[in-house]
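# Working through the structure, step by step
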Amino acid sequence: MEESISAIDAVDAQQRQQLIAEQRVIRELAARDREVRAHEQAHAAVGGQYAGAPSYQFTRGPNGVRYATSGQVSIDTSEVPGDPQATLDKLTVVVRAALAPAQPSPQDRAVASAAQAGIANARAELAAERRDAQNDRISADNSEPQARVPSPVIGDTGGSLLDIVV
């Protein structure tokens, strides 16, 4: 009889250990789920109109519940054709969205870096447009007829304001 009680105790101890291990896995999965969802929500919230809805990949826990273990948010990183200022504004939002989570991933940092390169290009385009506009204004100013100042007549002393003596 003592042997059967010992066997039951051994089974109970094994089941307890298994239950404790499952509970640990469930806690870890639940913590990962919260982290993943917060991370992707941060991208989506800051990305606004340029960000899609978060999508998740799930792992089923020992309790049968699905937990998000990874995710992604698509974001539009394209330039705004013919409008470098709008491109600059858009890519500034993209950088903020990529870096919005508390712990940006390497992919998040890569997206932010690419957007920053796009911002530099947009700034260069804006500077070139401003230079071209300024050069056009200068050219237009130089091509307008200038008011003619009559040249003084040498030797004429008939009351002109400017007499040139040679």
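These notes cover the structure that comes with them.

Here the focus is the overall build of the protein chain. Regarding its fold elements, the protein chain presents three helices and two strands. In the protein chain, the succession of α and β elements from N to C terminus is α-β-β-α-α. Scored against the burial criterion, the 166 residues of the protein chain give a buried share of 20%. By sequence separation, contacts in the protein chain at least 24 residues apart represent 50% of the contacts at least 6 residues apart. For the protein chain, the accessible area works out to roughly 11900 Å², and carbon and sulfur atoms hold 53% of it.

Attention now moves to the nonpolar core. Ranked by size, the top nonpolar core spans ten residues in total: Leu88, Leu91, Val94, Val95, Ala98, Ala112, Ala115, Ile119, Ala122 and Leu126. If you list the elements that add at least two residues to this core, you get helix 2 (84–98) and helix 3 (106–143). The residues touching Leu126, leaving out its near neighbours within four places in the chain, are Pro84, Gln85 and Leu88.

A separate point is the pairing of strand 2 (residues 66–72). Pairing between strand 1 (residues 55–60) and strand 2: six bridges, direction antiparallel. Bridging from a neighbouring strand, Arg60 pairs with Arg66 of strand 2. Between strand 1 and strand 2, which pair antiparallel and follow one another directly, the connecting turn spans five residues, one of which, Gly64, has a positive phi of 90°.

An α-helix turns once per 3.6 residues; consequently, residues spaced three or four apart project the same way. When the terminal C-alpha atoms of helix 2 are compared, their 20 Å separation across 15 residues agrees well with the 21 Å that a helix rising 1.5 Å per residue should span. Turning to helix 2, its buried residues are Pro84, Thr87, Leu88, Lys90, Leu91, Val93, Val94, Val95, Ala97 and Ala98.

Time to look at the pattern of salt bridges. Counted by the stated rule, this structure contains four salt bridges. Close ionic contact of Asp76 with Lys90 constitutes a salt bridge, the shortest N to O distance being 2.9 Å. Residue Asp76 is found in the loop between strand 2 and helix 2, and its partner Lys90 is found in helix 2; the two are separated by 14 residues along the sequence. Residue Asp76 is classed as partly exposed on the basis of its relative accessible area of 34%. Accessibility expressed as a relative area gives 4% for Lys90, which makes it buried.

Looking at the element boundaries, Thr87 is found in helix 2. A relative accessible area of 3% places Thr87 in the buried class.

Conventions used here
Residues numbered from 1 in each chain as written. Predicted model: local features only at pLDDT ≥ 70, side-chain atom pairs only at ≥ 80, totals over all residues. Heavy atoms only, no water. Helix = DSSP H or I, 4+ residues; strand = E, 2+ residues; numbered from the N terminus. Buried < 20%, exposed > 50% of the residue type's maximum accessible area, 1.4 Å probe, protein only. Contact = heavy atoms within 4.5 Å. Areas by Shrake-Rupley, 256 points an atom, 1.4 Å probe, with all protein chains shown as cover. Core = buried A, V, L, I, M, F, W, Y, C linked by side-chain atoms within 4.5 Å. Pairing = 2+ DSSP bridges. Expected span 1.5 Å × (residues − 1). Salt bridge = Lys/Arg side-chain N within 4 Å of Asp/Glu carboxyl O.

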